[in-house]
Amino acid sequence: MPVVHSFDPPERFVAGTVGTPGERTFFLQAREGRRLVSVALEKQQVVALAERLDQLLDELMRSDTRGVVPAVAPLDLDDSEPLESPIEEEFRAGTMTLSWDPDTERVVIEVFPYSEAAVVAPDQVEEDFEEPEPDELLLVRLTAAAARSFVKRAEQVVEAGRPSCPFCGNPVDPDGHLCVRANGFRRRDP
C-alpha cells in the first residue's frame, strides 16, 4: 500500500518556487495544521495543471446551475505568501490526475511520484503496459473557489520568471540570449 498524503481540504495548497529566475525549483505545497507536504515538479507541470484545472472549472461553471463554481478567484482566498519552511521534498512529481467529485463538490488532484519504470518509449506505446504501484502519492481535495485561487497563484508564479523573447518565445537571461529567429545575432543597443 502506498503512503497517501491526503488533504481534504487543505488549509493551504499552493504552487511556489525557491531560487532565482532561471534557476528556480517549483513545488506544490499542501498544509493542514502542522502537517506540511512539499512535492517538487517542473515548471511545465505547474503550467499544465493550472491550465487544465482552469478548463475543468470553466466546463463545470457552464453546466452548474447552483453557482458552486466561481468565475474568478475570490479575493479573500488570495495567497501571495512564500512557501512555508521547512521545504523538504517528499518526492518529484510524475503523473498527475484531475477530476471532479460531484457528491462532495470538490476538485480532486492526485500527484504520483516520477518513476523510470513508468516511462514508455515511443516503440512501446502499442504494448500492454501496467504502471507500477507508487510508493506514495499526494491527494488534495479542493473547493471550486480554492481551485480558482490555486490557478491564479500558479499563473503568477510562472509569470514571475524570466521574460520571454518577443521573437522566439524562449526565456531571456539578464545578459540576453542568442535568438534562433535572429540567426544567432544579438540585438545591440544604439
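These numbers were taken from a predicted model, which means no experiment stands behind them.

Asks: Which residues make up the overall build of the protein, and what are the values?
Replies: In terms of regular secondary structure, the protein is built from 2 helices and 7 strands. Listing each helix as α and each strand as β along the protein from the N terminus yields β-β-β-β-α-β-β-β-α. Here the protein, with 190 residues, has 34% of them falling under the buried criterion. Sequence separation of 24 or more characterises 62% of the internal contacts of the protein that already satisfy a separation of 6 or more. Surface exposure of the protein reaches about 12100 Å², of which carbon and sulfur atoms provide 49%.

Asks: So, helix α2 (residues 144-159): which residues are in play, and what are the values?
Replies: Taking 1.5 Å per residue as the helical rise, α2 with its 16 residues ought to reach 22 Å, and the 23 Å between its terminal C-alpha atoms agrees with that figure. Those residues of α2 that are buried lie in contact with β2 (12-18), β3 (25-32), α1 (43-63), β5 (89-101), β6 (106-113) and β7 (136-142).

Asks: Describe the confidence of the model for the protein, with residues and values.
Replies: Overall, the predicted model of the protein reaches an average pLDDT of 88, with 88% of residues at or above 70. Of all secondary-structure elements in the protein, the lowest mean pLDDT belongs to α1, at 95, while strand β4 (residues 35-41) reaches the highest, 98.

Asks: Lay out the nonpolar core in plain terms, naming residues and giving numbers.
Replies: One finds F13, L28, L53, I109, V111, L138 and F150 to be the most contacted residues of the largest nonpolar core, which totals 32 residues. Elements represented by at least two residues in this core include exactly β2, β3, β4, α1, β5, β6, β7 and α2.

Asks: Before we move on, can you summarise unusual backbone geometry with the specific residues and values?
Replies: Omega for the peptide link from D8 to P9 comes to -15°, which places this bond in the cis form. On the secondary structure map, P9 appears in the loop between β1 (3-7) and β2.

Asks: Requested: an account of α1, with residues and values cited.
Replies: Its 21 residues give α1 an end-to-end C-alpha distance of 31 Å, which sits within 8% of 30 Å, the value for a rise of 1.5 Å per residue. Buried residues of α1: Q45, V46, L49, A50, L53, L56, L57 and L60, and no others. All buried residues of α1 fall inside an arc of 135° around its axis, so they share one side. The outward face of α1, more than 90 degrees from its buried face, is lined by the exposed residues Q44 and R62. For α1, the secondary structure elements touched by its buried residues are β2, β3, β4, β5, β6 and α2.

Asks: Mind laying out the pairing of β7, listing which residues take part and the relevant values?
Replies: Among the 7 residues in β7, 7 count as buried, and that is most of the element. Along β7, one buried face is formed by E136, L138, V140 and L142 and the opposite face, lined by L137, L139 and R141, is buried too. Judged from the 5 bridges that link them, β1 and β7 form a sheet pairing that is parallel. Residue H5 lies in a different strand from β7, and its bridge partner there is L138. Pairing analysis gives 5 bridges linking β6 to β7, with the strands arranged antiparallel.

Conventions adopted
Residues numbered from 1 in each chain as written. Predicted model: local features only at pLDDT ≥ 70, side-chain atom pairs only at ≥ 80, totals over all residues. Heavy atoms only, no water. Helix = DSSP H or I, 4+ residues; strand = E, 2+ residues; numbered from the N terminus. Buried < 20%, exposed > 50% of the residue type's maximum accessible area, 1.4 Å probe, protein only. Contact = heavy atoms within 4.5 Å. Areas by Shrake-Rupley, 256 points an atom, 1.4 Å probe, with all protein chains shown as cover. Expected span 1.5 Å × (residues − 1). pLDDT = per-residue confidence, 0-100. Core = buried A, V, L, I, M, F, W, Y, C linked by side-chain atoms within 4.5 Å. Arc of directions from axis to C-beta. Pairing = 2+ DSSP bridges.

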